[in-house]
There are 2 protein chains.
Amino acid sequence: VGFEDPGHPDHRAGLALAGIESVPVPVDDRGVDVEALAASGVGAVMLTPAHQSPTGALLAPDRRQALLAWAAEHDATIVEDDYDAEFRYDREPVGTLQGLAPERVATLGSVSKSLAPGLRLGWVVCPPRLVNAVTDEKRIEDRSSPALDQLALAALIESGRYDRHLRRMRGVYAARRETLMSALAKHAPHLELRGLAAGFHVLVLLPPGMSEEEAVTAARERSVGVYGLRDNTFGEPRWPPALVMGFGNVGEGAIEKGVERLAEVLRA
Amino acid sequence: VGFEDPGHPDHRAGLALAGIESVPVPVDDRGVDVEALAASGVGAVMLTPAHQSPTGALLAPDRRQALLAWAAEHDATIVEDDYDAEFRYDREPVGTLQGLAPERVATLGSVSKSLAPGLRLGWVVCPPRLVNAVTDEKRIEDRSSPALDQLALAALIESGRYDRHLRRMRGVYAARRETLMSALAKHAPHLELRGLAAGFHVLVLLPPGMSEEEAVTAARERSVGVYGLRDNTFGEPRWPPALVMGFGNVGEGAIEKGVERLAEVLRA
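Residues numbered from 1 in each chain as written. Chains lettered and ligands numbered in written order. Predicted model: local features only at pLDDT ≥ 70, side-chain atom pairs only at ≥ 80, totals over all residues. Heavy atoms only, no water.

A. Geometry of the overall build of chain A. Counting secondary structure elements, chain A contains nine helices and 11 strands. Its C-alpha radius of gyration of 19 Å places chain A within 12% of the 18 Å reference for a compact globule of 268 residues. With the C-alpha coordinates aligned to their principal axes, the bounding extent of chain A is approximately 55 × 45 × 35 Å. Relative to its 268 residues, chain A shows a buried fraction of 46%. Counting 29 positive and 38 negative side-chain charges, chain A places the averaged centre of each group 6 Å from the other. (Helix = DSSP H or I, 4+ residues; strand = E, 2+ residues; numbered from the N terminus. Rg over C-alpha atoms; globule rule 2.2 N^0.38 Å. Buried < 20%, exposed > 50% of the residue type's maximum accessible area, 1.4 Å probe, protein only. Lys, Arg positive; Asp, Glu negative; His and termini not counted. Charge placed at Lys NZ, Arg CZ, Asp CG, Glu CD.)

B. Region of interest: the packing of helix H8 (residues 212–221) of chain B against helix H9 (residues 252–267) of chain B. All names here are of chain B. Interaxial distance between H8 and H9 falls to 9 Å at its minimum, and their mutual angle equals 140°. Considered as vectors, H8 and H9 are oriented oblique to each other. The element H8 and its partner H9 pack so that their crossing is right-handed. Residue-level contacts link Ala215, Ala218 and Ala219 of H8 to Leu262, Val265 and Leu266 of H9. Looking at the contact of H8 with H9 residue by residue, the classes come out as six nonpolar, no polar and no charged. (Axes fitted to C-alpha atoms, helices over the stretch in contact; angles between N-to-C directions. Parallel < 35°, antiparallel > 145°, perpendicular 65-115°, else oblique. Left-handed = near helix turned anticlockwise from the far one by under 90°. Contact = heavy atoms within 4.5 Å. Nonpolar A, V, L, I, M, F, W, Y, C, P; charged D, E, K, R; others polar.)

C. Main features of the environment of Val79 of chain A. Of note, Val79 of chain A is situated in strand E5 (residues 77–81). Setting aside residues up to four positions removed in sequence, Val79 of chain A forms contacts with Val45, Met46, Leu47, Ala106 and Leu108 of chain A.

Structure follows, in structure tokens:
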């Protein structure tokens, strides 16, 4: 199965646990490289087209078309992790690939970002031919997810309160991102940023000559928790050294202070 | 991995999903045949010693000793599904194998029988050397179970109400089992029964010449749901044809009526 590179190591580990080999497919600023995907000879791909994890790229419109054409031509299956899709701050979220090719695309969603990861609730919208196989395997593996939690979520969605919560939280997270961007512009205007105005993290390219390990270690010594992009790479590294900066669970005051301290590190 | 035969087909399917081959180990009235287990050459075994699923047998004391001696000699791991262990009606439950050999035995427990299967909460008490491997795999597979549900269960246990609930439900289920046994004695005294006074099912041997399929079909035509033992067999069949009769989620009135109707079938 083709897997975005860089991509989340835990998802790759999940594939490995299921006995599935991940084939790295390079990601650039326009999302996954569909020509490289086609050349790899895989029969399926797992990707994060709405907000690539971790680069923050949106899969470019021409690549979306090329991806769907590739799937049609090779009778391939696309697993679309609809990661962060509810949290786009500059415009309406893009539609899912599943909506365009319901026979070829399985979309994964969850409430981990919208409500809380501790709820462990999600869904698969998948081609009808795969529904029985997916539910059979889920039944054998864990006998399905907790019933009360599912019923509570259904009640929340039906009441309209889930949508209201999403609208409210989009504002909260947009403000956190805005704080992060302003703080970076103020304290470290020389740094290059990547990624859409979406989700819960920003990618910051490091100044020339600085390694991720160095930057992460120095930041942690100042009590600022950031991650290196390299931890998400599993084929040939194609991106310059960068930090993944999360802002989802940090208040605006802490973001401001964190960037100020990080700027000292990244100035060096 | 050695697996009890007869044993639950879904558990076997779960092993298969994890890429593990199940080797059938025969079960008789005294539980799993430890000599056959030793002869099979497996390095691990999964079993239900407190109340064998589905025969209802208790692993005999000499076999418990032989099993632990086998594990020590071959550096083998025992996975003890502590199935139905809280629900023994005639005496105190037997202790776990894990308590006797904490370095060799991993015990699986859950609240599926004691509270509700829809809660999907359970635990593994495992040898210290396996704790990291088990938690790592759980994290990759499902990022662990819902946090709120776990906290609610912890509060229930700490408050003492979980134990009170178990005591109360033991009485409820013992009464249902008693109703089932009396109804069988009254309506079908010729039938031979198997299994401990424990858990939520009784094994009923069929009259000579009757097949399980025949009995199950005829019972269902009378709106009585029972299962054939053969569905749990995966090696050589060693048990006579029998029905598995569950009484856990059926009221006493329905049990009485069901047995009356079933007796018509089993008289034929």
